[in-house]
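Fold and contact review
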Amino acid sequence: MSRTTRVQDGPVHHGYELTHLAALEAESVHIIREVAATFERPVLLFSGGKDSVVMFHLAQKAFWPAPVPFPLMHVDTGHNFDEVIAYRDRVVAQTGVRLVVSSVQDDIDAGRVVEDTGPGASRNRLQTTALLRGIREHRFDAVFGGARRDEEKARAKERVFSFRDEFGAWDPRAQRPELWHLYNGRHHRGEHIRVFPLSNWTELDIWQYIAAEEIELPPIYYAHDREVVPRDGMLLAKTRFLQTYPGEAAQTERVRFRTVGDATCTGCVRSDADTVDKVIAEIEVTRVTERGATRADDRISEAGMEDRKKEGYF
C-alpha cells in the first residue's frame, strides 16, 4: 500500500516506511496491548504530567474505538500544582475512565509514614508507601509508568517489563532479557510488573508527538509569569506548600515546567516558550535532562533514584 495513511489521526507514514514517531507509537501500542492480553488487573499511573498524558493517549489509540480497559491511578502527595489537578479531573470527566487515587495524606494520618517538616521538606519520597498500598489494595498485577531511559541513569537500566517482588522492590541485577521485543510477564501472586511503554522515547520525541497529535497539556508546561523562589540553583514555585528559609524572597519570573511532580521539589526554568513549537526549539538545543535540571529529589545522592527504585518507587 503506497498511499499516505493515518492511524486514528496519528503520525503520518508512507507505505511501509514508518516515520520515527510512528515507529515509537507502534512499539508503545504493541506493549500496551501485550499487557492487556497478558495480565488480569493492569493500571496506568497518571499524574497529569506530559509523559503520563502521552501514555494515556497511546492507550486510547491502542483500544480505539473501545474504551481503555483499565483504570488510571494517581499517587497524590497532596502538594500538587492546582493546574495539574484541574487538568487530571478534566481528562477523567471527558473520557469517562476510572480514576483511583492513592493519597500520601492517608498514610500520614494512619501513621504508616512520618512527614518531614520545615523548609526543604518534601512528601516526594513518601509516595512509595502510597504507591505500593494502592497496588496491594486493588491487586494490580501490571503497572504502567511513564519513565523514559533518557531521563536518568537508574531509569536507563530499566527493562520495558520490570519485575517487582512481593515488597515492590526492584533488583537491577535480576532484569529479564527482552530480545526481539519479547516480554516476560511471569510473576507469582503478590508480585507485579512495572511496564514502561515510553522507554525508548526522548523528551524531544514526547514534545514532537504532542505537536503532531495536538495533545492538550496542563498550562504550566508553557511559559507564564509566576512567583518563584531561587534555591540551590533551581527556581521553585511559590505555592502554599513551599516553606522558605530565612533570607529567601520570592520574585516574579517568566518560566515553564519541563517536568511536573510534587510542588515542593519540582523546579521550573526561565523561558519564553509559550507554544509547543517554541518548546521544541528549546529542547533541541538543551544539554541537560529535565530531571537533572529541575528535580530536587534527584539530588539526594549520586544513586538517589536507584535507591528509591529498589524500595519500590516509580
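Summarising the sheet, strand E9 (residues 224–231) and strand E11 (residues 251–256) pair through five bridges and their orientation is antiparallel. By the bridge assignment for E11, Glu227 is matched with Thr252. Bridge count between E9 and strand E10 (residues 234–237): four bridges; the pairing is antiparallel. Bridging across to E10, Val228 finds its partner in Ala237.

With that out of the way, let us pick up the sheet that holds strand E3 (residues 42–45). If you trace the six strands from one edge of the open sheet to the other, you get E5-E4-E3-E6-E8-E7, paired in mixed fashion. The open sheet has two edge strands, strand E5 (99–103) and strand E7 (161–164), and neither has a second partner. Averaged over all pairs of adjacent strands, the angle between their axes in this sheet comes to 30°, without regard to strand direction. In this structure, E3 lies alongside strand E6 (residues 142–144), joined through three bridges in parallel fashion. Residue Pro42 lies in a different strand from E6, and its bridge partner there is Ala142.

It is worth spelling out the packing of helix H1 (residues 20–38) against helix H7 (residues 203–213) at this point. At a closest axis distance of 11 Å, the pairing of H1 and H7 adopts a crossing angle of 95°. Regarding the angle of H1 to H7, the classification is roughly perpendicular. Taken together, the residues of H7 that come into contact with H1 (itself represented by His20, Leu21, Leu24 and Glu25) are Asp205, Gln208, Tyr209, Ala212 and Glu213. Residues belonging to the contact of H1 with H7 are distributed by class as follows: four nonpolar, two polar and three charged.

A few words on the side chain of Asn80. Within the fold, Asn80 resides in the loop between strand E4 (72–76) and helix H3 (82–95). Here Asn80 falls in the buried class, since its relative accessible area comes to 13%. If we ignore the near neighbours within four places in the chain, the residues touching Asn80 are His74, Ile85 and Phe241.

Cut-off values and rules
Residues numbered from 1 in each chain as written. Predicted model: local features only at pLDDT ≥ 70, side-chain atom pairs only at ≥ 80, totals over all residues. Heavy atoms only, no water. Pairing = 2+ DSSP bridges. Helix = DSSP H or I, 4+ residues; strand = E, 2+ residues; numbered from the N terminus. Axes fitted to C-alpha atoms, helices over the stretch in contact; angles between N-to-C directions. Parallel < 35°, antiparallel > 145°, perpendicular 65-115°, else oblique. Contact = heavy atoms within 4.5 Å. Nonpolar A, V, L, I, M, F, W, Y, C, P; charged D, E, K, R; others polar. Buried < 20%, exposed > 50% of the residue type's maximum accessible area, 1.4 Å probe, protein only.

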